[in-house]
Amino acid sequence: NKPTMILLDIHVTPYDGFQMLAMLRQSDQFSTTKIIALTASVMNEEVEQLREAGFDGAIAKPLSIQTFPQLLKQVENGETVWHIS
């Protein structure tokens, strides 16, 4: 089964989130899958890098147990989520 959403941490190894995004986007299987960045880097220029790279949204870390489930529902419903506060 193809996932409807992928959450990618930006600062992981051996491939960072930007590299993983590029690999996933090269695959026809994941070309339309929503790919959301998980990151603690939420400065304006860093968020702009995420947008330019082709992420479908971003959720700031640390994750909030109060807001995270609702953010996932929004993505599942086709909404764009750039929750960086």
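Calculation notes
Residues numbered from 1 in each chain as written. Predicted model: local features only at pLDDT ≥ 70, side-chain atom pairs only at ≥ 80, totals over all residues. Heavy atoms only, no water. Core = buried A, V, L, I, M, F, W, Y, C linked by side-chain atoms within 4.5 Å. Buried < 20%, exposed > 50% of the residue type's maximum accessible area, 1.4 Å probe, protein only. Helix = DSSP H or I, 4+ residues; strand = E, 2+ residues; numbered from the N terminus. Pairing = 2+ DSSP bridges. Axes fitted to C-alpha atoms, helices over the stretch in contact; angles between N-to-C directions. Salt bridge = Lys/Arg side-chain N within 4 Å of Asp/Glu carboxyl O.

(A) Molecular detail of the nonpolar core. Within the largest apolar cluster, eleven residues are counted, these being I6, L8, I10, L21, L24, F30, I35, A37, L50, F55 and A58. Secondary structure elements with two or more residues in this core: β1 (5–9), α1 (17–26) and β2 (34–39). One finds I36, L38, L71 and V75 within the second-largest nonpolar core, a separate group that totals eight residues.

(B) Looking closely at the sheet that holds β2. On the basis of which strands lie adjacent, the open sheet formed by four strands has the order β1-β2-β3-β4 and parallel pairing. Every other strand in the sheet has two partners, leaving β1 and β4 (81–83) as the edge strands with one partner each. Here the strands of the sheet are splayed against their neighbours by 25° on average, with no regard to which way each runs. The pairing of strand β3 (residues 57–60) with β4 spans three bridges and is classified as parallel. From the neighbouring strand, A58 faces β4, where its bridge partner is W82.

(C) Spatial organisation of the pattern of salt bridges. A complete count under the given rule lists two salt bridges for this structure. A salt bridge links K61 to D9, with the shortest nitrogen-to-oxygen separation between them at 2.8 Å. Taken together, the residues K61 in the loop between β3 and α3 (68–76) and D9 in strand β1 connect sequence positions 52 residues apart. Overall, D9 belongs to the partly exposed group, its relative accessible area being 24%. In this structure, D56 engages R25 in a salt bridge whose closest nitrogen and oxygen atoms are separated by 2.6 Å. Here the residue D56 occupies a position in the loop between α2 (44–53) and β3, and R25 occupies one in helix α1, the gap between them amounting to 31 residues. Classification of R25 as partly exposed rests on a relative accessible area of 27%.

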